[in-house]
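# Structural features, examined
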Amino acid sequence: MELWYTEEQTKNIRFSMKIKEHLFSGKSKFQKVDIFDSYEFGKLMTLDGLVMVTEKDEFIYHDMIVHTPMAVNPNMKQVLVIGGGDGGTVRELLRYDKIQHIDMVEIDKMVCDVAKNYLPTLSCGLNNPKVALYYEDGIKFIKDKKNKYDLIIIDSTDPIGPGEGLFTYEFYSDCYMALTEDGILVNQNESAVYEDNRVETVRATKKLKEIFPIAKVYQANIPTYPSGHWLFGFASKKLHPLKDLQSKNWNNLNIKTKYYNTDLHIGSFALPNYIKEIISDGNV
Ligand code: SAM
């Protein structure tokens, strides 16, 4: 008997993967957590039925959410990750010797525990001494932080359930206060292809543009996310993702990546016109 995992990406679009085995199913007080083993994408985690990470294509997302800001300021030392329970973002950050400390604030301990059990290639950095793991709501955690972080990465679920508050004007304003003068914020910024995602991209980008002097959107192809065309937000007080890109310094770090490179960095900010229009990004 064939086993398939199906994600309802919109009310009219479903995405299915043939599955070898359903390895784990649990329910925390925040969400349903499942682990499947698939033929095409290896092991994958879903939260409330939505794909979060797969062994095969997670490198794309984690390369782009970490190396893009790090190539603009390779000297960042204090980092905050909000969400990121699978550990992939922290794993990539730990490849930078200059990073002194990472606060990771994941609301759901079950996600980290399950990732440690089933996704060791992602969660391998969660026990690193540079990492302080807080099982708390990122919305509350950020409130009293001032001028503390060089980089804030919002590696969150979609703006539904516990993730909803990570896309608000108030939360982004708190992040602004928590960042240093050279600080950079990046977030997973949904997608412009399907209506439900597009609404969130427009909303989040509008708020970031109102709060940060520099707020840009960049893109990557992530096969297992709705439509495969996924967006990220880049916001900062001073540093521009292209004008301040330190290609030479980043390349001299010799960090080997499967997806990110500094040429692709530049290209990822060259958005299709239909996206530029909806985020009213006449210029990059
Ligand atoms: N890469 C995935 C994506 O783009 O959808 C996200 C990975 S990670 C699994 C997302 C994490 O955000 C989840 O583990 C979830 O529990 C966490 N999360 C959601 N809302 C949160 C909040 N308010 N504070 C902290 N973590 C939160």
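The structure we're discussing is the one just above.
Figured I'd write up the structure that's included with this text. Quick caveat: nothing in here was measured; it's all calculated off a predicted structure. (Residues numbered from 1 in each chain as written. Predicted model: local features only at pLDDT ≥ 70, side-chain atom pairs only at ≥ 80, totals over all residues. Heavy atoms only, no water.)

### Digging into the site of the ligand
Residues in contact with the ligand amount to 25 residues; listed here are only the nearest, Gln 31, Glu 106, Asp 137, Gly 138 and Tyr 225. Take Ile 107: an N or O atom from its main chain is 3.2 Å from a nitrogen atom of the ligand. The separation between a nitrogen atom of the ligand and a polar side-chain atom of Asp 137 is 2.9 Å. A total of 590 Å² of accessible area belongs to the ligand in isolation, and the protein chains cover 99% of it. Among the residues forming the shell around the ligand, the class breakdown is ten nonpolar, nine polar and six charged. When residues of the shell around the ligand are sorted by domain, at least three fall in each of domain 1 (3-52) and domain 2 (58-281). (Near = heavy atom within 4 Å. Polar contact = N/O pair within 3.5 Å; in protein donor to acceptor, adjacent residues only side chain to side chain. Areas by Shrake-Rupley, 256 points an atom, 1.4 Å probe, with all protein chains shown as cover. Nonpolar A, V, L, I, M, F, W, Y, C, P; charged D, E, K, R; others polar. Domains from an automatic or database assignment.)

### As for the side chain of Arg 91
Its location among the elements puts Arg 91 in helix α2 (residues 88-93). Here Arg 91 falls in the buried class, since its relative accessible area comes to 15%. At 2.9 Å, the side chain of Arg 91 and the side chain of Glu 58 are in polar contact. (Helix = DSSP H or I, 4+ residues; strand = E, 2+ residues; numbered from the N terminus. Buried < 20%, exposed > 50% of the residue type's maximum accessible area, 1.4 Å probe, protein only.)

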